[in-house]
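The chain contents come next:
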2 protein chains.
Amino acid sequence: MSGKPNSDRRTVRRQETQREIVQASWEVVREHGLAGLSMRDLGERVGMRAQSIYSYFASKNEIYDAMFLEGYEAFAVWIANAADDDRAADDPTGVARAVARAFVEFCTSDHVRYQLLFQRTIPDFTPSAESYAVALQVYEEFSARLSTIGVHDQATLDLWTAVLTGVTDQQISNDPGGDRWKQLIDRAVDMLLADARTHTTTESEKV
Amino acid sequence: MSGKPNSDRRTVRRQETQREIVQASWEVVREHGLAGLSMRDLGERVGMRAQSIYSYFASKNEIYDAMFLEGYEAFAVWIANAADDDRAADDPTGVARAVARAFVEFCTSDHVRYQLLFQRTIPDFTPSAESYAVALQVYEEFSARLSTIGVHDQATLDLWTAVLTGVTDQQISNDPGGDRWKQLIDRAVDMLLADARTHTTTESEKV
DNA sequence: GTCTATAATCTGATAGAC
DNA sequence: GTCTATCAGATTATAGAC
């Protein structure tokens, strides 16, 4: 390693293998639950002995950390795309609904990812400082998007996140694969917007 | 066992030990997480060898089941008490706020219990038919209480549960021990009541 | 960089003596 | 009813050969 350039062919190969391991980890986890990630299982899937994975990740939690990071990066992309798609609708309500739908859809489309990103469910795992910084940044981008539709103060923002995660949670745990709670999103958004109107100055309603 | 009365001294003693084991299980679980319940740990805490516990519960899942049942029984009592306390406030808004506060308080006061009762987080555990029946009955009592304050149709009820669990979830995972989301409960209830008003006939507003 | 071998430890659960 | 002994398996992780 020492003395050699970072963008070595060896380094590139290594990063590819790391990506492959993370991808396989998602497969395992979607099949056996978030806590059901075993190194043996993972090794088998990636075509290695379980022990060889330690050449790429120092511990199992380092793998979770890579998944955590990847998940938040995917979230950032998802929300950005959704906003672009619905740019035509330039009324605040339309945008708000689109953002809300995008959020819930992202979460329900992969519930183990949701578990890893937004719930604290695997013991002894804490994201690394780097990954957590990215998570915070993505959360701030999401907040900024909401602030363009009239959600300015922290309390209002907290209420929005509570409602959106609540809908997501119920959908995942009580009607997986269905749309019993998803279909309430527009109604929930209207409700939130009406609430925001009574708690902020009319000025803040404008973009 | 056969031929002897059910309320035998032996049977009573046995039930006491079972209660003791369940209580110790709560302790273990609060310390090491819901999934961190180990028979050895449990045995140590209850003053037995781990293997002896199998004289009282046929499997680990049977212990989870007993905890699940106990949790729902506690929930029923909690909600009933909260409603009595706030009987003085006979305006619908006051009652609604009291019920909402009681729900969130119950959940946040013991987050592993919340996890066991309302989220599906431990793999391979499904409550027994008996326990599940109790859970359903308690849920229906809770629904009935909401229906006295204007929440009649399923969609509205779903929205309420989504908002209440959302507030709970955010409080637990992003501000444990604090009240950042708890203090939004009254505002959330007002918002929900306003929404219910626009989605039902004015008749249903009356008790 | 991947392998074999293995350490060290944990898990839930069972059989049978007392 | 509690014990000892033990099974059969899992886990993360390390050492050292190739």
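Look above for the structure.
Draft legend 1. How the structure looks around the interface of chain B and chain A. With 28 residues of chain B in contact, the opposing surface of chain A contributes 29 residues. With both sides pooled, the region where chain B packs onto chain A buries about 2300 Å², and carbon together with sulfur makes up 55% of that total. When the area that chain B buries against chain A is broken down by residue, the three leading residues are Leu159, Arg187 and Met191 of chain B, summing to 28%. The tally of links between chain B and chain A comes to four salt bridges. When the shortest N-O distance is used, the salt bridge between Arg187 of chain B and Asp195 of chain A registers 2.8 Å. Counting across the chain B and chain A interface gives twelve residue pairs in polar contact (both at pLDDT 80 or more). For the side of chain B that touches chain A, the elements supplying multiple residues, two or more each, are α5 (111-118), α7 (154-174) and α8 (185-199) of chain B.

Draft legend 2. Layout of the protein's contact with DNA strand D. Near DNA strand D there are 14 residues, and of these Ser38, Arg40 and Lys60 of chain A together with Gln51 and Tyr56 of chain B occur at the shortest range. A share of 54% of the atoms of DNA strand D within 4 Å of the protein falls on sugar and phosphate groups. The side chain of Tyr54 of chain A places a nitrogen or oxygen atom 3.2 Å from a phosphate oxygen of DNA strand D. A distance of 2.9 Å separates a phosphate oxygen of DNA strand D from a polar side-chain atom of Ser52 of chain B. When the residues that make up the surface near DNA strand D are grouped by side-chain class, the tally is five nonpolar, six polar and three charged.

Rules used in this analysis
Residues numbered from 1 in each chain as written. Chains lettered and ligands numbered in written order. Predicted model: local features only at pLDDT ≥ 70, side-chain atom pairs only at ≥ 80, totals over all residues. Heavy atoms only, no water. Contact = heavy atoms within 4.5 Å. Buried area = accessible area lost by both parts, 1.4 Å probe. Salt bridge = Lys/Arg side-chain N within 4 Å of Asp/Glu carboxyl O. Polar contact = N/O pair within 3.5 Å; in protein donor to acceptor, adjacent residues only side chain to side chain. Helix = DSSP H or I, 4+ residues; strand = E, 2+ residues; numbered from the N terminus. Near = heavy atom within 4 Å. Nonpolar A, V, L, I, M, F, W, Y, C, P; charged D, E, K, R; others polar.

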